[in-house]
Structures are given as C-alpha cells and as structure tokens.
Amino acid sequence: MKTIISKSLLILLSLFALSSCDKDEPTDVVQEVQDLVIEMTETTVEPRQSVTIPVKSGSGHYQVSIESIGIAKASVDKDQITLTGVTEGQTVLTVTDKLSSQSKTIGVTVSNKPVLLLSHSKLIMPVGDTKIVNILNGSGAYEVRMSDDELGSYYIEDNKFVFTAKKIANGSITITDVQQGLDSTFEVELTSIPLIIQEKEVEVLVNTTHKVSIDSGSGDYAVTFDTPDIIEFKVAKSSLTIKALAPGEGVMTIVDNASGDSQQIKITTTLQSLTTDRDGQEQLKAYMGFGVAITILSGNGQYTIDVEDSEVISATLDGERVVITPLKLGESQITITDTMSGESFSTTVVVSDVPDRITFKLDGEVITKLVFEPGANYINLSYETDVDEYLKFYALDKSVIELWEGWNNDLYVMRGGNTGTTYIIAKGYYDGEIYGILPVEVK
C-alpha cells in the first residue's frame, strides 16, 4: 500500500511541475505605441522666459535634448515639455519617444526682444477643417491680420485663436497683442479635401427618401440635377437627401466649391405599389358617432377618394390616412386610387348602430352616461355583458379621463387634465368589434 501511495504522489508532483513550467513561460505582449506628434515646429522665447510645449500623442515616455545647452534648457513631465531661454541665440530642441524611437525637432530662438508666443509657427490643414493656435503670453486683447481675407474665418476665445480654412491657398496670419504691443506671424498652407462619394447609382421609390453619404469633402457644394421634376433634394455638409416625386431617371452632379472636384450619381425613381392596412377586407364596419380610418402603407403620394353613396359616409384624406365618417345607417363602397400608378383599393363600408351589449352600473344602478361633477376625481364603475369575447375598455380621449380595468368586471375612472366630453368604449380584444359605449362628461 505504501508503494502505491508513493507512486501516486510522484505522478501528481510531476503533473504539477509541468503545469507550473507552462504557466511560467514568458508570453509575447505587443504594446501599440502611437506616433509621436508635436504640432510646434518653431518658437521664440526671451532669456529666463519659459514656454510649455504639449505633446499631442506618443508613448508618454520622452527624452529632450538641446543642441546648444548655453542658449536654452528643456525638461519634460509626462506630455508637457518646458523650454526656458538662457541667453540670446538659436538652437534646436529634440524630443525623442523612448519606446518608438521617433523624434521631432523644434527650432528655438532666444531673443531679448519681446515677442508674442504662439503654439504654432505653421498650420497645414485641409479646407473645411478647424484648428486652434494657443496664445501663450497674451493679454487677451488682440487684432488679427490675414494676408488674404478669404483664407478662412476665425474667432479668439480664452487666448485661443480658432481658425477654419475656407480657401485653397498659402498665406500668413499675424496676431497682435494691442496692450503689450507684441505680434507674431505664422504661415498657413491650406489644402484641398478630395470629394469622395461611394454611391454612383441610386434607385429611390416615389414618395420615399434616400440619404447619400458624402465621405469626404469641404462641406461647401453646388448640386445640380438634369431632370428636376422627378426629385427634390437637400444638401448638408456630409450628406445628400433625395426624395422621389415621380418616376424617371437623371444624373446629379456635385461640385465641391473649395477644391473644384466633382462627382456624379445616376438616380432612378420608380413607382410604389398601393397597399393599405385594410387589404383583403371586403367589408369595413363603422358605427354611428365613430369614425374609422384606412391607412395607406405604401403608394406614390397622390390619391383620389371616391365614395359610392355620400349620404351614408364621407371621406377625407389626411396625409396617408383616409378618415371615414358615418352619416347614416347603410353601406357604401369606397375606392382609393393612386393617380400615378393607376392602382386602386376598394371596400364596402357598413354603417350600423353601436351594439348595446354592455350594461354599465354606478353603485349598483344602471347608467347611460357618466358625469364627473366639479370636485369629483375618481369613480368606480362595474359592468355586465353577455359577450363571450374577452373585452378591452379604453377612453376615447385620455386628456379628459383615464381608465383602468380591475377584477370582477370593475372599471376605475379618473378625471384627466381637461374638462369636456368623451366615451368609454368596450371592444373585443381578438375580433376588434365594438360591443358598447358609455358617454362621459367631465365638468
């Protein structure tokens, strides 16, 4: 028995050792390091004056060096480099990312002549883009002069010069501190953004819209279409919204006003089929005192409504809904026609009185109308019925009353926010039939 135990222990110890060796094996972990980005390329400081240079991106581990130590000195703390002037002259500050080994150089001038310090000596940016130049030692009162007033637009807030490029050009911008009498000039190189639209052919159903994404561009476009009667469109900075009005086809041309680039899109518009929420219903029930509606689910936006017997019902078009009002007992055919496609939908509307198969009671007494007197906020009703269908009760106007169903044929009615008249309607949950109504007046 002892021999067996020893062998078992040896096996277990061996397996444990193998498992431990596997866990202790080193794994290769690759840490992605962002490119080193410092937007400042040149700066000027006075002796004993310091300026902070931000590192926009990198590993967070940097080394700084000055080519001529006697002219300036530098230190780094996380993503902030502090440069201090020592004596007049010119030198170069080098910033090296310790992890990626990438480096950037900044030209440094130390001068006894005071200057307005800016975070950038040059902006290179595409038209439509916006960049910020920080004013590092300003008073807050500035004047701006551009070599070309059409270069772009700008505003100054909290010592930040915010510039948006508007024109493809090279130029310069001078910021003057009017209180200190200092100024500084930086160059701008404004380039074009290529106009890129992926969709080259678009098919749009009449009476629907389609959005085309503008993947790249300045945001300032001129758009033309060679068949203007079949669509309408809206142009935004990064998209085009097209609505089809009639069937046909044409070519849309988009021109970027900044770069002059252009793109074309072939647009085809086609008719929709006419469908409604009553398709397949040969008869539509309506009750005196209550309207009923037919919703147009798809179609081309232009319709005519024909009523066979205008003494029985009337019908009006409200957007994509045909609202039918019963006028007297009887029946009448109604026809909806899509005038663009020629398709039509017809059904027979049968108008009858509301079935009286619900008996409403208040405190055990039968009522035919419920009245909320002033000061009354809550009423408990009950009802009796011979309907086997599961019933659902609801208030026709929820701003006048609110309604809850309880156990044992109880209804809880609460005053709403408005006074006026409305109805409590009893409807079959599955068959949708109306089995009774109760007028309600809230004083």
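Here the residue numbers are simple positions, counted from 1 along each chain's written sequence. A pLDDT threshold of at least 70 governs which residues receive local features in this predicted model, and a stricter bar of 80 or more applies before side-chain atom pairs are shown or counted, although totals over entire chains, interfaces and linings include all residues. As a rule here, side-chain values come from all non-hydrogen atoms in the structure, and water together with hydrogens is ignored.

## Quick look at the overall build of the protein
Counted only if it meets this: The numbering of helices and of strands both runs from the N terminus, where a helix is a DSSP run of H or I of at least 4 residues and a strand a run of E of at least 2. For the radius of gyration, the atoms used are the C-alpha atoms, and the globule rule reads 2.2 Å times the number of residues raised to 0.38. For the exposure calls, accessible area comes from a 1.4 Å probe over protein chains only, and a residue counts as buried if that area is under 20% of its type's maximum, exposed if over 50%, partly exposed in between. The contact criterion used is simple: two residues touch if any of their non-hydrogen atoms lie within 4.5 Å. We get accessible surface area from the Shrake-Rupley algorithm with a probe of 1.4 Å; when it comes to residues, only the shown protein chains can shield them. In this count, Lys and Arg are taken as positive residues and Asp and Glu as negative ones, while His and the chain termini are left out. Charge positions are represented by NZ for Lys, CZ for Arg, CG for Asp and CD for Glu.
What the protein contains, in helices and strands, is one helix and 38 strands. Scaling as 2.2 N^0.38, a compact globule of 443 residues should have a C-alpha radius of gyration of about 22 Å, whereas the protein reaches 40 Å, well beyond that. By principal-axis analysis of the C-alpha atoms, the protein measures approximately 105 × 95 × 55 Å. Taken over 443 residues, the protein has a buried fraction of 35%. Considering only intrachain contacts with a sequence separation of at least 6, the fraction spanning at least 24 residues in the protein is 56%. As presented, the protein carries roughly 25200 Å² of accessible surface, and 47% of it is formed by carbon and sulfur atoms. Here the protein holds 34 positive side-chain charges and 64 negative ones, and the gap between their average locations is 8 Å.

## Concerning the layout of surface pockets
With a probe scaled to a water molecule rolled over the atoms, the places where space remains empty come into view. Rules: Points on a 1 Å grid, built from protein atoms alone, make a cavity when a 1.4 Å probe fits but cannot get out and make a pocket when they are open with protein on both sides within 12 Å along at least 5 of 7 lines; residues with an atom within 4 Å of a point are the lining residues. Grid points are joined across faces, edges and corners, and a volume is the space filled by probe spheres set on the points.
Reported here for the largest pocket is a volume of approximately 420 Å³. Forming the boundary of the largest pocket are 18 residues, of which Lys285, Tyr287, Val292, Lys427 and Gly432 lie nearest the centre. At the level of secondary structure, the elements contributing two or more residues to the lining of the largest pocket comprise strand S23 (283-287) and strand S37 (420-428). The biggest single contributor to the lining of the largest pocket is S23, with five residues.

## Examining the sheet that holds strand S26 (residues 313-318)
Whenever strands of a sheet pair, they do so through backbone hydrogen bonds, lying parallel or antiparallel. Put simply, the test is: Paired strands, in this sense, are two strands between which DSSP finds at least two bridges.
Strands sit in the order S22-S24-S27-S26 across an open sheet of four strands; the sheet is antiparallel. Each having just a single partner strand, strand S22 (275-276) and S26 make up the two edges of the open sheet. Across two bridges, the pairing between S22 and strand S24 (residues 292-298) is antiparallel. Pairing of Thr275 across the sheet is with Ser298, part of S24.

## A look at the pairing of strand S19 (residues 239-244)
Across five bridges, strand S16 (residues 209-213) lies against S19 in antiparallel orientation. Residue pairing in the sheet places Thr209 in a bridge with Lys243 of S19. Bridging between strand S18 (residues 231-235) and S19 involves five bridges; their strand directions are antiparallel. Bridging across to S19, Ile231 finds its partner in Ala244. Count of turn residues in the S18/S19 antiparallel hairpin: three residues.

## Some details on the pattern of salt bridges
The test is simple: Salt bridges are identified by distance alone: a Lys or Arg side-chain nitrogen within 4 Å of an Asp or Glu carboxyl oxygen.
Summed over all chains, the structure comprises 12 salt bridges. What you see here is one network of salt bridges that share partners, running through Lys122, Glu187 and Glu189.

## Structural notes on the packing of aromatic side chains
Threshold: Here is the rule: rings of Phe, Tyr and Trp (six-membered ring for Trp) pair when centre to centre is within 6.5 Å. Planes less than 30 degrees apart are stacked, more than 60 are edge-to-face, and the remainder are tilted.
Enumeration over the complete set of coordinates arrives at nine aromatic pairs. Measuring from centroid to centroid gives 5.9 Å for Phe161 and Phe186, while their planes differ by 70°, and the two rings are edge-to-face. Taken as a pair, Phe161 in strand S12 (residues 160-165) and Phe186 in strand S14 (residues 182-191) lie far apart in primary sequence, 25 residues in all. By relative accessible area, Phe161 is classed as buried at 0%. A residue is classified by how much of its surface remains accessible, and Phe186, at 1% relative accessible area, is buried.

## Details of the side chain of Thr174
This is how it is decided: The term polar contact refers here to a pair of N or O atoms within 3.5 Å; inside protein, the definition further demands a hydrogen-donor-capable atom paired with an acceptor-capable atom, and it admits residues adjacent in sequence only when both atoms are side-chain atoms.
Position of Thr174 relative to the elements: it lies in strand S13 (residues 169-177). By relative accessible area, which is 7% here, Thr174 ends up buried. Among the polar contacts listed, one links the side chain of Thr174 to the side chain of Thr185, at a separation of 2.7 Å. Residues in contact with Thr174, not counting those within four places in the same chain, are Glu143, Val144, Arg145, Asp183, Ser184 and Thr185.

## Description of the environment of Phe163
Residue position: Phe163 is located in strand S12. Phe163 sits 194 residues away from Arg357 along the chain, and the two C-alpha atoms are 75 Å apart. Residues in contact with Phe163, not counting those within four places in the same chain, are Leu123, Met125, Asp129, Thr130, Lys131, Met146, Leu151, Gly152, Ser153, Tyr154, Ile173 and Leu190.

## Regarding the sheet that holds strand S28 (residues 330-338)
What counts, and what does not: Structural elements are reduced to axes, namely lines fitted to C-alpha atoms, with helices fitted over the stretch in contact, and the angle between N-to-C directions of any two is expressed from 0 to 180 degrees.
If you walk across this open sheet you meet the four strands as S23-S29-S28-S25, and the pairing is mixed. The sheet terminates laterally at S23 and strand S25 (303-307), the two strands that pair on one side only. Each neighbouring strand pair of the sheet contributes to a mean axis angle of 25°, computed without reference to strand direction. In terms of strand pairing, S25 meets S28 through five bridges, oriented antiparallel. Bridged to Asp306 within S28 is Thr335.

## Here we look at a nonpolar patch on the surface
Condition: In this scheme, patches are assembled from residues that exceed 30% relative accessible area and form no salt bridge. Like charges are connected within 9 Å, while nonpolar side chains (Val, Leu, Ile, Met, Phe, Trp, Tyr) are connected within 5 Å.
There is a patch of nonpolar side chains on the surface, built from Tyr378, Trp404 and Met414 and spanning about 320 Å² of accessible area. Take Met414: it is sitting in strand S36 (residues 410-415). Given the relative accessible area of 34%, Met414 is considered partly exposed.

## Structural notes on the environment of Gln263
Relative to the assigned elements, Gln263 resides in strand S21 (residues 262-270). Relative accessible area serves as the criterion here: at 19%, Gln263 is assigned to the buried category. Once residues within four sequence positions are removed from consideration, Gln263 is found in contact with Leu195, Ile197, Lys200, Met252, Thr253 and Ile254. For Gln263, the side chain forms a polar contact with the main-chain oxygen of Leu195, separated by 3.2 Å. Polar contacts involving the side chain of Gln263 include one to the side chain of Lys200, which spans 2.4 Å.

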